[in-house]
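# Working through the structure, step by step
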Amino acid sequence: MTTPVILVSAGRQNNYTPRREVQTITAGCDIDYLAAVQRSGSVPLMLPFLASSEGIAAALSVADGLLLSGGGDILSLTYGEEPHVTSKLQDPTRDAMELEATRLALEMGMPVLGICRGLQLLNVACKGTLIQDIPTQVPGAVKHYADGLDVVLLHTMDIESDSLLAKVMETTTMAVNSWHHQAVKAVGNGLRISARARDGVVEAIEAADGRPLLAVQCHPEECAATYPQFQRVFDWLATEARSYQSRKRR
Ligand code: MN
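This text gives an overview of the structure that appears in the document. None of the values given here were measured: they were computed from a predicted structure. (Residues numbered from 1 in each chain as written. Predicted model: local features only at pLDDT ≥ 70, side-chain atom pairs only at ≥ 80, totals over all residues. Heavy atoms only, no water.)

## Some words on the overall build of the protein chain
Counting secondary structure elements, the protein chain contains eight helices and 13 strands. Taking 250 residues into account, the globule formula puts the C-alpha radius of gyration at 18 Å, and the protein chain, at 17 Å, falls close to it. Projected onto its principal axes, the C-alpha positions of the protein chain cover 50 × 50 × 40 Å. The burial tally for the protein chain puts 49% of its 250 residues in the buried class. (Helix = DSSP H or I, 4+ residues; strand = E, 2+ residues; numbered from the N terminus. Rg over C-alpha atoms; globule rule 2.2 N^0.38 Å. Buried < 20%, exposed > 50% of the residue type's maximum accessible area, 1.4 Å probe, protein only.)

## Section: the coordination of the manganese ion
In this structure, H144 (ND1), H155 (NE2), S178 (OG), H180 (NE2) and E203 (OE) serve as the protein donors to the manganese ion, at separations of 2.2 to 2.3 Å. All donors to the manganese ion come from one chain, and their sequence spacing reads H-x10-H-x22-S-x1-H-x22-E. One end of the pair, H144, is in the loop between α5 (134-137) and β8 (155-159); the other, E203, is in strand β12 (residues 202-207), and 59 residues separate them in sequence. Residue H144 shares its accessibility class with E203, and that shared class is buried. (Donors = N, O, S within 2.8 Å, 3.2 Å for Na, K, Ca; no water.)

## Description of the side chain of H84
Mapped onto the fold, H84 is located in the loop between β5 (65-68) and α3 (92-108). Within the structure, the side chain of H84 is placed 2.8 Å from the side chain of T86, a separation counted as a polar contact. (Polar contact = N/O pair within 3.5 Å; in protein donor to acceptor, adjacent residues only side chain to side chain.)

## Structural notes on the environment of D73
Tracing the backbone through its elements, the reader meets D73 in the loop between β5 and α3. With 14 residues separating them along the chain, D73 and S87 place their C-alpha atoms 6.3 Å apart. Not counting chain neighbours up to four residues away, the residues in contact with D73 comprise T86, S87, K88, L89, Q90, D91, R117, H181 and Q182. Among the polar contacts listed, one links the side chain of D73 to the side chain of H181, at a separation of 2.9 Å. Within polar-contact distance, the side chain of D73 engages the side chain of Q182 at 3.4 Å. (Contact = heavy atoms within 4.5 Å.)

## Brief notes about the pattern of salt bridges
Counted under the stated rule, the structure contains 13 salt bridges. A salt bridge links E98 to R117; its shortest N-O distance comes to 2.8 Å. One end of the pair, E98, is in helix α3; the other, R117, is in helix α4 (residues 117-125), and 19 residues separate them in sequence. This pair shows no difference in class: E98 is buried, exactly as R117 is. A salt bridge links E100 to R103; the nearest nitrogen and oxygen atoms lie 3.4 Å apart. Taken together, the residues E100 and R103, both in helix α3 and three residues apart, mark about one turn of the helix. R103 gets classed as partly exposed once you look at its relative accessible area, which sits at 43%. Three or more residues joined by partner-sharing salt bridges are found here, namely R94, D95, E98 and R117. (Salt bridge = Lys/Arg side-chain N within 4 Å of Asp/Glu carboxyl O.)

## What to know about helix α1 (residues 31-39)
Of the positions making up α1, those classed as buried are Y33, A36 and V37. Each buried residue of α1 lies within a common arc of 100 degrees when the element is viewed along its axis, so the set occupies one face. Seen from the open side of α1, the exposed residues pointing more than 90 degrees away from its buried face are I31 and Q38. Buried positions along α1 lie against β1 (5-9), β4 (43-47), β5, β6 (112-115), α7 (220-223) and α8 (232-249). (Arc of directions from axis to C-beta.)

## A word on the packing of aromatic side chains
The geometry of an aromatic ring pair comes down to the distance between the two centres and the angle between the two planes. On inspection of all chains with the given rule, the structure shows two aromatic pairs. Between Y145 and W179 the ring centres are 5.9 Å apart and the planes differ by 55 degrees, which places this aromatic pair in the tilted class. Highlighted residues: Y145 in the loop between α5 and β8 and W179 in the loop between β9 (173-176) and β10 (183-184), separated in sequence by 34 residues. Since its relative accessible area comes to 48%, W179 is described here as partly exposed. Taken together, a centroid distance of 6.5 Å and an interplanar angle of 70 degrees make the contact between Y227 and F230 edge-to-face. On the basis of relative accessible area, F230 is assigned to the buried category, the value being 2%. (Phe/Tyr/Trp six-rings, centres within 6.5 Å; stacked < 30°, edge-to-face > 60°.)

Written out as C-alpha cells, the structure is:
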C-alpha cells in the first residue's frame, strides 16, 4: 500500500510588500491544511484554481481523496440567487475548478472532505443553496465570525447521534472555532445535515447514503495541533483514501 495522495484545492491571494508598493498574486491555501493532511499519513498535493477540465481529471486520476479548502464566497448566481451586499472575495475561476473537481470526484466515488467554503461548495455542487449572510439573515444567530487572537473555540456544535461525524468525533456535542458568514440553506441532493449550532445554523453535512463525504463549517485544520480531536476528520479522510486506493487497484 502506498501513501494516499490528497488533492487540496487552492485559491489565490493578493500580496503587497510591507510598503504596499508591489502587488503579486499567489496560488495556495493555508499551510495548516497541508500539515493536517501530512499528520494523517497522506501526502497533500495542491490543485490550483487555474486547472483546466482535462487537468482536473488528470490530477484526480492520481489522487485518492479530495479536500475542498476554505476561502471566499461562492458566486451566488451559481445557485440562482442575486448577491447579498456583504458577499466578498468572489473567484469564479476557483468556483468552476472546484465544482468540476467535486462533480468528478463524486462520479469516481472518491472520498471528499469539505471545510468551511468547502462545505458550501459541496452543497452547491449537489444543487443545494446557501444563506448568504448569517448576521442579517438568521434571527438570533450566535457569533460565527471569530475576531479573537489565536485559536478560539467560539460556539457549540450539536452532532446527530446516527451520523458519520458523530462516529468520527466520538461525541455528539463539542465546541468549535468558527469563521464564516454564510451557511447551508437548502441541503443538496443525496446529502444530510449532521450537525448544527445552537441557533440552528448548519455546521456539518455528509452523504445520506454512506458514501465517503464529510464536510464541516468550522476549521479543524486550524485547531488540530492544539486540540487533537479535530485531527480526526483528516485521519478519517486518510482511512477512506486508503480504501479508495485498494478499490481502484482491483
Ligand atoms: Mn459556526
